[in-house]
Amino acid sequence: MSNYIKRKCLVLFYIAAIFIGGCFPENSLKWSNDGSVGVLCYDNILALVDGKTDTLTKICEFEKENNPFQTICISEDGKLIAYVMSQKCESLDEGLKLLPQNQVELIKEAAEYAKELILLGQTDFEKMDLGPFRGEPTINWVIRYLSENSNPSLIEQLGSDTIEEGKESDIIIYKLFAATPEQISENRPELVTTSLAVICWPQISPDNKFISYTSWNGVFDDNKEENSLRFDLYIASIKSDSKTIDVAEYVTPQYSWRRDSKAITFIEKQAKDVFEDEYSLGVLRTAEVADENDNLLTASEQSAIAAYSCGGKKSDLAGVIFHPFMKVQYSTSGKIFFSSHIMNFPMSNIDDEPRWSLFSYDDDTGSISEILPRDVSFNLGGDNAMGYFDLSPDRKKALLPIANYRFMIYELGKTFAINPATEPETQRNFSQDNSWDMMPSWKGNDEISCFANNKIQFPSKDNKESYNFNEEIVILKSNGEFDRVLSENWPD
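Note that the structure is predicted; figures quoted are calculated from it, not measured. (Residues numbered from 1 in each chain as written. Predicted model: local features only at pLDDT ≥ 70, side-chain atom pairs only at ≥ 80, totals over all residues. Heavy atoms only, no water.)

Draft legend 1. Up close: the overall build of the chain. Of regular secondary structure, the chain possesses nine helices and 32 strands. When the 492 residues of the chain are sorted by exposure, 55% land in the buried category. For the chain, contacts bridging at least 24 residues in sequence account for 55% of all contacts bridging at least 6. Total accessible area computed for the chain in this model is approximately 21,600 Å², and 44% of it derives from carbon and sulfur atoms. (Helix = DSSP H or I, 4+ residues; strand = E, 2+ residues; numbered from the N terminus. Buried < 20%, exposed > 50% of the residue type's maximum accessible area, 1.4 Å probe, protein only. Contact = heavy atoms within 4.5 Å. Areas by Shrake-Rupley, 256 points an atom, 1.4 Å probe, with all protein chains shown as cover.)

Draft legend 2. The arrangement of the layout of surface pockets in detail. Here the largest pocket is characterised by a volume of approximately 710 Å³. Taken together, 33 residues form the lining of the largest pocket, with Ile74, Glu76, Gln203, Gln329 and Asp390 sitting closest to its centre. Contributing elements (two or more residues each) for the lining of the largest pocket: strand S1 (28–31), strand S5 (72–74), strand S9 (198–204), strand S13 (256–257), strand S18 (328–330), strand S22 (390–391) and strand S27 (441–443). Looking at the lining of the largest pocket, the element that brings in the most residues is S9, giving four residues. (1 Å grid on protein atoms, 1.4 Å probe; cavity = no way out; pocket = protein on both sides within 12 Å on 5 of 7 lines; lining within 4 Å. Points joined across faces, edges and corners; volume = space filled by probe spheres on them.)

Draft legend 3. Summary view of the packing of aromatic side chains. All told, the structure shown has seven aromatic pairs when counted by the stated rule. Ring centres of Phe69 and Trp216 lie 5.9 Å apart, and the angle between their planes is 55 degrees; this geometry places the pair in the tilted category. Of the two residues, Phe69 sits in the loop between strand S4 (56–61) and S5 while Trp216 sits in strand S10 (residues 210–216), which places them 147 residues apart along the sequence. Both residues of the pair, Phe69 and Trp216, belong to the buried class. (Phe/Tyr/Trp six-rings, centres within 6.5 Å; stacked < 30°, edge-to-face > 60°.)

Draft legend 4. Inspection of the packing of helix H4 (residues 101–119) against helix H5 (residues 139–148) at higher detail. One can describe the packing of H4 onto H5 by two numbers: an axis separation of 9 Å at closest approach and a directional angle of 70 degrees. Judged by the inter-axis angle, H4 sits roughly perpendicular to H5. By crossing handedness, the relation of H4 to H5 is classed as right-handed. Together, Ile107, Lys108, Ala110, Ala111, Ala114, Lys115 and Ile118 of H4 and Trp141, Val142, Tyr145 and Leu146 of H5 make up the contact between the two elements. Along the lines of polarity and charge, the residues of the contact of H4 with H5 split into nine nonpolar, no polar and two charged. (Axes fitted to C-alpha atoms, helices over the stretch in contact; angles between N-to-C directions. Parallel < 35°, antiparallel > 145°, perpendicular 65-115°, else oblique. Left-handed = near helix turned anticlockwise from the far one by under 90°. Nonpolar A, V, L, I, M, F, W, Y, C, P; charged D, E, K, R; others polar.)

Draft legend 5. Region of interest: the environment of Val328. Structurally, Val328 can be placed in strand S18. When the C-alpha atoms of Val328 and Ser256 are compared, they prove to be 5.6 Å apart, with 72 residues separating the residues in sequence.

Draft legend 6. The pairing of strand S12 (residues 244–248), seen in detail. Burial within S12 is extensive, with five of its five residues counted as buried. The pairing of S12 with strand S16 (residues 308–309) spans two bridges and is classified as parallel. Pairing of Ile245 across the sheet is with Tyr308, part of S16. (Pairing = 2+ DSSP bridges.)

Draft legend 7. Just the side chain of Gln183, in detail. Examined against the element boundaries, Gln183 turns out to sit in helix H8 (residues 181–185). One polar contact links Gln183 to Glu190, side chain to side chain, over a distance of 3.2 Å. Setting aside residues no more than four positions away along its own chain, Gln183 makes contact with Ala178, Arg188, Pro189 and Glu190. (Polar contact = N/O pair within 3.5 Å; in protein donor to acceptor, adjacent residues only side chain to side chain.)

Draft legend 8. Looking closely at empty space enclosed by the protein. Applying the stated rule across the entire model yields five cavities of 30 Å³ or more. A volume near 150 Å³ is recorded for the largest cavity. Lining the largest cavity are 17 residues, with Pro25, Asn27, Ser28, Gln70 and Tyr388 sitting closest to its centre. Examining the composition of the lining of the largest cavity, we find that three residues originate from one element, S1, more than from any other. A per-class count over the lining of the largest cavity returns ten nonpolar, five polar and two charged.

Listed below in structure tokens is the structure:
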């Protein structure tokens, strides 16, 4: 037990390493479909951005170290915002009162099982199979509960010092809120659900009735780093009689709602017990999640973190090579776009690394088509950034991240793509240091917001002068031309 407590900071350290590697950008700016309102996550601030006046309105501040992944989103019509906040509980009793009852029972059951193992001589929590309590921060609930409900036998086995250390373990709950812009201005968001596991990557359904999110269920192991990239998918209803359902395990964080808000499509890992391989088998899958009356479809069996499991039909659409940084996005017509690797089989050890590309799945025919010309996909690089491709609201253009923290603007059906940066390809124009600071995103169909550092120079419309500035968030036209500095008048 004490060995685990001594290593309690390793998970957050590893998450920081992921950021440094450019996998999970720390900041984001997402817009409503018409670009009239955006939601910003930057440093430790969540804020609203007025798309017409460029003004910034702070929503709240959050503990950055406890919220390592994307924590805010906006609905397509801009009328609803969802965001996540963490709360460190001062006492165990306080935390248990804030959690759903099924999660309270989970903590008690896991603690009782851990107690039995400890009395049998197993004192290493990392080697215990405690279900959803798989490392920071969830395992702290079991440690804290055991320590505050210890008995002489447990104290004798672990030692009083270890018990006292356990009583100091941080226990954190995660709260998912929903609010209209008006509710945010009045500081009265509505609580949708709480969880002992990290809530991240929220999405609002097209009809604004549900919020989906993933829960990071990480494990830190020096030899199995891929474990720390496990995400499970959940859906919560915004209605007053809300329920939360567990949809799938081991999914990519970038999933998508079907246009009718009755189903959700995601990429799920198949070999769930295999962590060592960077690539494994996966499936593009759709799950029916709501009925015609907008009630979530639940199964008879219980879930772990959620109160219910998804009872809707699941359909496998395509087999893929699973990688944590793949994305799914629906088109306006119902086609499914997704990023994936292309691999040839049989494949020898002298073949090139798998290349990224963009594909579409046609539900009517069951066929898959590669969207990008080879000359375009050849430039995508291998740094996992295609998990953040972004289709314009009308689904006619795409932002394609490429190597060296740059991106292309591609109009579907064309044979070429536009690179808005004029500097040499080795120049990191849209990042800080060696990571993506913020991925580019569409602001309506004709504008793009992105981070730009002080090394980049955008050509003017007549190509006679250049714009130069410090690190800022800027607006580009869809043809790659510089328009303005969005963050010019924002507070530091």
